[in-house]
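# Commentary on secondary and tertiary structure
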Amino acid sequence: MSILFSNSPFGIDISDQVIRYVLLDHSFRKQSLASYNEVRLGGGWIVEGNIVKPAEVANALHGLLRPLLVRSASRQAVVSLPEKKSIIKLLTIPADPDRALEEQITDLFSTHLPMPIESVYWDWQKVELPHAASSEQYALAAACPKTIVDQTMTVLQSVGIIPVVMEIESIAIAEAIMNLPIDRSSTLIVDIGRDRSTFIMVDDGIIQFTYGTSDLSGTVITQLLTKAWNKSFEQAEQEKLTLSVTNPRIWAACEPMIHYLIDQMQKTMHYYAEHFPHFHPTSRVMLSGGVAAFKDLNTTLSNTLKLPVVVSNPFLHLTKTSLKSFRGQPLSYATAIGCALRGVKPL
């Protein structure tokens, strides 16, 4: 893959088991993929977003980015924050002429945090909802524990990376696979990654809320197949994406997990309908993450849910040649691509 000179921030996706980066080229009307790569991390280096072994993670990151830093004009990056440790909340703020909006948002957001607001870094932006009452205002607030952000900042700075934006994973995914804020359809994004799954409810061009679970992931599915097939983890990992989910060998091992996935999707949509007064019925489901490449998973889910279920395209905002030249699993790069796209926007 080629590495082009660029002054734009690149995207970095840091998870428990892998770090990925994406650099975009802006020479075309649409963004083009200039460079990308990934590095696997040792077990226990990062645990649920906590960087337990910063020196090892820094060395891995430096090795991954060394060719990029030699030729790129930028050391700035947009970096993902772990979904499991982060909070996104759409807030409804009643009109109160006697109080500043920021003060109201601070007080309201504090009630939704499982920890003191002083222990998190957080930000918010005012959003507009169509058909909303004139007596109400809305803000999208996001937070991540200071310990997680500080650990990540230390590792990045130790290898000479300047983080200009820290983006929560679900926001980056939605940025990559949807045309926001233009796309205002009520959409459930289901990101099934190596470590965990995240359910992202998007409506009116805004993330409404997210929910995650580590009970469902690519690793859990491979472990089920390893036990059922009496094969090594590596063998099961390679074989699982060559077979349809309806294949008897797959279905026999994974049927309970697929039913669990359907149950979690239904619960997420039901929660949205019950707790958000301006909700619209979910019109589609978009699958993201490496497990989304499971053959016929989308049609199997669609037949049960009676909704369109599509495999997302993380290259939606990139040139067609970007996907043709890509070597790897595109669905696994949604977060890194979303971070890189965020770097194109005004900071």
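Note that the structure is predicted; figures quoted are calculated from it, not measured.

### Focus: the overall build of the protein chain
Within the protein chain, the regular secondary structure consists of ten helices and 15 strands. Relative to its length of 347 residues, the protein chain is compact, with a C-alpha radius of gyration of 20 Å against a globular reference of 20 Å. Seen along its three principal axes, the alpha-carbon backbone of the protein chain occupies a region of about 65 × 50 × 40 Å. Here the contacts in the protein chain between residues at least 6 apart in sequence split such that 65% fall between residues at least 24 apart. Here the protein chain has roughly 15,900 Å² of accessible surface; of this, 54% comes from carbon and sulfur atoms. Taken together, the 30 basic and 33 acidic charged side chains of the protein chain have centroids lying 10 Å from each other.

### Quick notes on the nonpolar core
Ranked by internal contacts, the top residues of the largest apolar core, which has 36 residues, are Val190, Leu261, Met265, Val285, Leu301 and Leu305. If you list the elements that add at least two residues to this core, you get β11 (187-192), β12 (197-203), α5 (218-229), α7 (248-275), β14 (284-288) and α8 (297-305). No other element matches α7, which puts ten residues into this core. If sequence neighbours within four positions are ignored, Val190 has contacts with Thr198, Phe199, Leu261, Met265, Val285, Met286, Leu287 and Ser288. Formed by 32 residues, the second largest nonpolar core is a distinct cluster that contains Met286, Phe315, Leu318 and Ile337.

### Digging into the packing of aromatic side chains
In this structure the tally under the stated criterion is 13 aromatic pairs. Ring centres 5.3 Å apart and planes at 70 degrees place the aromatic pair Phe315 and Phe326 in the edge-to-face group. A residue pair is termed long-range when its members are at least 10 positions apart, and Phe315 in the loop between β15 (309-311) and α9 (320-324) and Phe326 in the loop between α9 and α10 (334-344) qualify at eleven residues. One exposure class covers both Phe315 and Phe326, and it is buried.

### Description of the sheet that holds β15
An order of β13-β12-β11-β14-β15 is seen for the five strands of this open sheet, with the pairing classed as mixed. Whereas interior strands pair on both sides, the edge strands pair on one side only; in this sheet they are β13 (206-213) and β15. Direction aside, the axes of adjacent strands within the sheet are offset by 20 degrees on average. Pairing between β11 and β12: six bridges, direction antiparallel.

### So, α8
Listed in full, the buried residues belonging to α8 are Leu297, Asn298, Thr300, Leu301, Ser302 and Leu305. Along its buried surface, α8 packs onto β11, α7, β14 and β15. Where α8 terminates, the next one or two residues include Lys306, which has phi positive at roughly 60 degrees.

### A look at the environment of Asp204
Positionally, Asp204 belongs in the loop between β12 and β13. Along the sequence, Asp204 and Lys324 sit 120 residues apart, while their C-alpha atoms lie 32 Å from each other.

### As for the pairing of β14
Counting buried positions along β14 gives four out of five residues, so the element sits mostly inside the fold. Both β11 and β14 contribute to a ladder of five bridges, which runs parallel. Across the sheet, residue Leu188 finds its bridge partner in β14, namely Val285. As paired elements, β14 and β15 share three bridges and run parallel to each other. Within β15, the position partnered with Met286 by the bridge is Val310. One crossover worth recording links β14 to the parallel β15 by way of α8, and it is right-handed.

How each quantity is defined
- Residues numbered from 1 in each chain as written.
- Predicted model: local features only at pLDDT ≥ 70, side-chain atom pairs only at ≥ 80, totals over all residues.
- Heavy atoms only, no water.
- Helix = DSSP H or I, 4+ residues; strand = E, 2+ residues; numbered from the N terminus.
- Rg over C-alpha atoms; globule rule 2.2 N^0.38 Å.
- Contact = heavy atoms within 4.5 Å.
- Areas by Shrake-Rupley, 256 points an atom, 1.4 Å probe, with all protein chains shown as cover.
- Lys, Arg positive; Asp, Glu negative; His and termini not counted.
- Charge placed at Lys NZ, Arg CZ, Asp CG, Glu CD.
- Core = buried A, V, L, I, M, F, W, Y, C linked by side-chain atoms within 4.5 Å.
- Buried < 20%, exposed > 50% of the residue type's maximum accessible area, 1.4 Å probe, protein only.
- Phe/Tyr/Trp six-rings, centres within 6.5 Å; stacked < 30°, edge-to-face > 60°.
- Pairing = 2+ DSSP bridges.
- Axes fitted to C-alpha atoms, helices over the stretch in contact; angles between N-to-C directions.
- Right-handed = clockwise from strand over helix to strand, strands pointing away.

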